[in-house]
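Residues per chain are reported as follows:
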Amino acid sequence: MFPPQAWKRATPQDFFRASNILSTERQQKGSSLSNGGGRTPARGRANRRIYFSFRGFDFEAEGDHTIEMSDGRWIRVTRYATADGGCVSVHSDITELKKRETELAAKSAQLQATLDNISQGVGVFDAEYRLVTRNDRFLAILELPEELGQTGQDLDGILMFQARRGDFGDIEPDGRIAAEVLAEPRLELRLSTGRIVELEWGSMPDGGIVVTFADITERRLAEEQRQALMDGMHQSQKMQAIGTLAGGIAHDFNNVLASILGNAELALYDLDENHPAHQAVQQIATAGNHAANVVRQILAFSRHHPDEAKPVRVDDIVQESVTLLRATLPATIELVERRYCDHPVIVGDATQINQVIMNLGVNACHAIGERTGRITVELENVEIKGDFAHG
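Rules used in this analysis
Residues numbered from 1 in each chain as written. Predicted model: local features only at pLDDT ≥ 70, side-chain atom pairs only at ≥ 80, totals over all residues. Heavy atoms only, no water. Helix = DSSP H or I, 4+ residues; strand = E, 2+ residues; numbered from the N terminus. Buried < 20%, exposed > 50% of the residue type's maximum accessible area, 1.4 Å probe, protein only. Areas by Shrake-Rupley, 256 points an atom, 1.4 Å probe, with all protein chains shown as cover. Expected span 1.5 Å × (residues − 1). Phe/Tyr/Trp six-rings, centres within 6.5 Å; stacked < 30°, edge-to-face > 60°. Lys NZ or Arg CZ within 6 Å of the ring centre and 35° of its normal. Salt bridge = Lys/Arg side-chain N within 4 Å of Asp/Glu carboxyl O. Pairing = 2+ DSSP bridges. Axes fitted to C-alpha atoms, helices over the stretch in contact; angles between N-to-C directions.

(A) Region of interest: the overall build of the protein. Each helix and strand in the protein was counted, giving 9 helices and 12 strands. Within the span of the protein, comprising 391 residues, buried residues form 32% of the whole. Summed over its atoms, the accessible surface of the protein is roughly 25,200 Å², and 52% of this surface lies on carbon and sulfur atoms.

(B) Summary view of unusual backbone geometry. Notably, tyrosine 129 is not glycine yet its phi reads approximately 60°, a positive angle. For tyrosine 129, the location among the structural elements is in the loop between β4 (121-125) and β5 (131-134). Using a relative accessible area of 30% as the deciding quantity, one classes tyrosine 129 as partly exposed. Even without being glycine, glutamate 143 reaches a positive phi, approximately 55°. Looking at the secondary structure, you find glutamate 143 in the loop between α3 (136-142) and α4 (155-165). You can call glutamate 143 partly exposed: its relative accessible area is 33%.

(C) Structural detail: helix α6 (residues 217-270). When the terminal C-alpha atoms of α6 are compared, their 76 Å separation across 54 residues agrees well with the 80 Å that a helix rising 1.5 Å per residue should span. Among all positions of α6, only Thr217, Arg220, Gly243, Gly247, Ala250, Leu257, Leu261, Ala264 and Leu268 are buried.

(D) A look at the packing of aromatic side chains. Considering all chains together, one arrives at 2 aromatic pairs under this definition. Centroid distance phenylalanine 125 to phenylalanine 138: 6.5 Å. Interplanar angle 55°. Geometry classified as tilted. In this pair, phenylalanine 125 sits in strand β4 while phenylalanine 138 sits in helix α3, placing the two residues 13 residues apart along the sequence. Look at phenylalanine 138 and phenylalanine 213: their rings are 5.6 Å apart centre to centre, the planes differ by 70°, and that puts the pair in the edge-to-face class. Of this pair, phenylalanine 138 sits in helix α3 while phenylalanine 213 is found in strand β8 (residues 209-215), placing the two residues 75 residues apart along the sequence. A residue is classified by how much of its surface remains accessible, and phenylalanine 138, at 1% relative accessible area, is buried. Classification of phenylalanine 213 by relative accessible area gives buried; the value is 4%. Taken together through their ring pairs, the aromatic side chains of Phe125, Phe138 and Phe213 make up a single cluster. The residue whose ring lies beneath lysine 98 is tryptophan 74, and the NZ or CZ to ring-centre distance is 4.7 Å.

(E) Spotlight on the pattern of salt bridges. Following the criterion strictly, the structure yields 15 salt bridges and no others. For the salt bridge of arginine 220 with glutamate 223, the shortest nitrogen-to-oxygen distance reads 2.9 Å. Here glutamate 223 and arginine 220 lie together in helix α6, a separation of 3 residues that amounts to about one turn. Arginine 220 sits in the buried class, given a relative accessible area of 19%. Taken together, the shared-partner salt bridges in this structure form one network comprising Asp71, Arg73 and Asp93.

(F) Fine view of the sheet that holds strand β1 (residues 63-68). Sheet architecture is open: 3 strands sit in the order β1-β2-β3, paired in antiparallel fashion. Since the sheet does not close on itself, it has two edges, and those belong to β1 and β3 (87-93), each with one partner. Put simply, the sheet's adjacent strands are angled 20° from each other on average, direction ignored. Bridge analysis of β1 against strand β2 (residues 74-81) gives 6 bridges, and the strand direction is antiparallel. Following the sheet pairing, threonine 66 is matched in β2 by arginine 76.

(G) View of the environment of glutamate 334. Structurally, the position occupied by glutamate 334 is in strand β10 (residues 333-339). Along the sequence, glutamate 334 and threonine 372 sit 38 residues apart, while their C-alpha atoms lie 8.2 Å from each other.

(H) Structural context of α4. Buried within α4 we find Leu155, Ile158, Leu159, Met160, Gln162 and Ala163. The positive-phi residue at the C-terminal boundary of α4 is glycine 166, with phi of around 95°.

(I) Layout of the sheet that holds strand β7 (residues 196-203). On the basis of which strands lie adjacent, the open sheet formed by 5 strands has the order β5-β4-β8-β7-β6 and antiparallel pairing. Edge strands, defined here as strands with exactly one partner in the open sheet, are β5 and β6 (186-190). Averaged over all adjacent pairs, the angle separating strand axes in this sheet is 20°, with direction ignored. As defined by bridge partners, β4 adjoins β8 across 5 bridges and the pair is classed as antiparallel. Note that in β8 the partner of valine 124 across the bridge is valine 210.

Structure follows, in structure tokens:
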């Protein structure tokens, strides 16, 4: 046993060793031991209630005190004051409780780390729709301020903030917003910043809910791009079908042109150059030849043949185009041809050049309409340099 003057110098280990000795002695002898305050504990309870002061621990105030012993055990000391000025201290071994608390804290930290490492935003709400826990992506995906991510935050407050921002479209920010938003288990939101977020929620056994948010902006963009590619492919298939159809029509039209050109050549052979009809028949033959070239282009397009580029004199092409264009214009439109170069030669397709001039002339005629006007076709040499030549 410890002498009475040694109690206040004892360590916690000494205290528990002494308490065990006291418990054994009381059971054997039925004796009692007085504490420093003069109060004697009841017989048979010395193993639970010991009157003692630890060195280095202040137990003057009433309440609970938790102590980790040198052997790894945890002790809870609860101090009560008595009416006669003494005190009662209840000492409990809470080592198992501390172990379970440590394991629970480790599992909670593991769960939180798992939540923080998934790509979706997750929020857990209790039966009263108060926030219990969340991960970092919860605020990041919804672009919410930090104060709306505090534990205990009600779901209505979060949803009303989003509604005022315009995330829910026509849904009004009132007290019924939670019921309206959660009417469907899945909802697609378009945030005011343009991001697209998919909201899903599910019930928990205790009446709470788990809400998940996923940023699907990139997925939606990829779907739109894929749809655009599909539309382009369908358009390409349509153009291929049109090309096949045009090739068949052009083939039949080419047979008709062969007859027209053949008869025009025979008529020119029979007509004298001074005959009044000679010029008209000559224009028929020239137009027929241009039409034959257009038909050849259609056939080349339908068969995916490359364009035929060769050296051509642009002034001859312009003169033929102007002659054909003049015959199609009304009398209210004057057609003027000006040349500022002699016999320019380029590498190109004569039929395409002719089509460009004819299309520009027809467009100009439509722009003038029924008014009086003038269309001028000019030809001159231009030197093109730099990036414009490759544009």
